[in-house]
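Notes for the structure review
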Amino acid sequence: MTGAPKERQAGPSPFTSSKLSVLRKHPYFADLEPDAFDQLCRYAKHTTLKRGATIFSRGDPGNTLVAVISGTVKISISSPDGRNAILNLIGAGEIFGEIALLDNQPRTADATANSNCELFIIDRREFVPFVRSQPTLAMKLIELLCGRLRWTSDQVEQIILQNLPGRLASALLRLTEKHKLEPQGRTIAITQQEISEMVGMTRESINKQLRAWAARNWVRLEHGAIVVLKPDALQALVDAGSDDDGE
């Protein structure tokens with residue numbers, strides 16, 4: 001296993017400036033000098049994947065960095081008895097796989113194309129020497145790793161300390177925060193089964209709570225998506241310690 005996607009479509013698309021802008025706009029690479037950025041782009045290999053394709057699996061070598069051009073990637077873990085937990089959903093303009101890549105240890109989770117995806121793949125053998133030559137980029141990576149740790153700490157806190165309404169409200173707010181600057185930024189492309197795997201509750205419980213909030217016009221339920229209409233109401237629920245279940 002090389003850490004590269006296990007399924008590819010024939011005939012990768014040629015690079016365009018719009019695709020490469022995914023790398024340029026990312027906080028990792030936004031401050032690179034033009035020559036350094038051009039060098040980075042030469043390392044990026046373009047691939048397209050169909051929904052459900054495996055990008056890497058838990059235990060695989062951590063030898064690639066992955067940038068999402070379009071689509072959504074699911075980061076998840078599973079138990080021997082078949083239970084699944086979604087740790088994160090990675091959307092267009094985001095990068096993942098950096099932890100195992102930097103410490104040269106096996107992957108700690110599975111990465112799967114949650115929709116049809118376009119990706120850039122950068123090999124560790126090229127990326128690590130590049131980082132060593134770019135001290136500013138090294139500091140950006142440290143900042144991102146700290147952000148990942150804070151994200152994980154927040155998730156653990158919510159699962160341990162919050163009840164279902166608080167967990168669900170927090171998850172919805174985190175997902176909308178990631179895409180707040182995009183058009184339709186409050187529309188979250190996620191199924192109720194997927195959100196149940198994120199917050200650790202049954203789909204039936206999730207559905208009941210979302211319907212209660214929809215009746216209050218806090219959210220709107222669409223096919224394969226949830227639209228957050230009143231983020232302030234959800235935030236107030238989180239801040240209050242989830243005493244009000246919104247029903």
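Here we summarise the structure given alongside this text. Model, not experiment: these values are computed from the prediction. (Residues numbered from 1 in each chain as written. Predicted model: local features only at pLDDT ≥ 70, side-chain atom pairs only at ≥ 80, totals over all residues. Heavy atoms only, no water.)

Looking only at helices and strands, the chain features nine helices and 11 strands. Taking all 247 residues of the chain together, 47% fall into the buried category. Considering only contacts in the chain between residues 6 or more positions apart, those separated by 24 or more positions represent 73%. Total accessible area on the chain stands at roughly 12,800 Å², and carbon and sulfur atoms take up 52% of it. (Helix = DSSP H or I, 4+ residues; strand = E, 2+ residues; numbered from the N terminus. Buried < 20%, exposed > 50% of the residue type's maximum accessible area, 1.4 Å probe, protein only. Contact = heavy atoms within 4.5 Å. Areas by Shrake-Rupley, 256 points an atom, 1.4 Å probe, with all protein chains shown as cover.)

So, on to the environment of Phe130. Structurally, Phe130 can be placed in helix α4 (residues 124-132). A C-alpha to C-alpha distance of 8.7 Å links Phe130 and Ala36, two positions 94 residues apart in sequence. Leave out the neighbours within four places in its chain, and Phe130 touches Leu32, Ala36, Gln39, Leu40, Tyr43 and Leu137.

Time to look at the environment of Pro231. Positionally, Pro231 belongs in helix α9 (residues 231-239). For Pro231, a relative accessible area of 18% puts it in the buried group. Taking C-alpha positions, Pro231 is 8.7 Å from Leu172, a pair spaced 59 residues apart along the chain. If near-sequence neighbours (up to four positions away) are discounted, Pro231 is found in contact with Leu173 and Arg186.

Once that is clear, we can look at the sheet that holds strand β3 (residues 64-70). Taking strand neighbours across the sheet as the criterion, the four strands line up as β1-β8-β3-β6 in an open arrangement whose pairing is antiparallel. Only two strands of the sheet have a single neighbouring strand rather than two, namely β1 (45-49) and β6 (95-96). Taken together, the two bridges between β3 and β6 define a ladder with antiparallel strand orientation. Within β6, the position partnered with Val66 by the bridge is Phe96. Sitting on the sheet, α4 touches β1, β3 and β8 (117-123), and the angle it makes with β8 is about 65°. (Pairing = 2+ DSSP bridges. Axes fitted to C-alpha atoms, helices over the stretch in contact; angles between N-to-C directions.)

Across the sheet, four strands lie side by side as β2-β7-β4-β5; this open sheet has antiparallel pairing. The open sheet is flanked by β2 (54-56) and β5 (84-90), the only strands paired with a single partner. Neighbour-to-neighbour, the strand axes of this sheet turn through a mean angle of 30°, independent of strand direction. Where strand β4 (residues 73-78) and β5 come together, six bridges link them in antiparallel fashion. When the sheet's bridge partners are listed, Val73 is paired in β5 with Ile90.

The interhelical angle for the contact between helix α6 (residues 164-178) and helix α8 (residues 203-215), taken along N-to-C directions, is 75°, at an axis separation of 11 Å. The orientation of α6 relative to α8 falls into the category roughly perpendicular. Between α6, through Leu164, Pro165, Leu168, Ala169 and Leu172, and α8, the contact on the second element is made entirely by Ser205, Ile206, Gln209, Leu210 and Trp213. Split into classes, the residues belonging to the contact of α6 with α8 amount to eight nonpolar, two polar and no charged. (Parallel < 35°, antiparallel > 145°, perpendicular 65-115°, else oblique. Nonpolar A, V, L, I, M, F, W, Y, C, P; charged D, E, K, R; others polar.)

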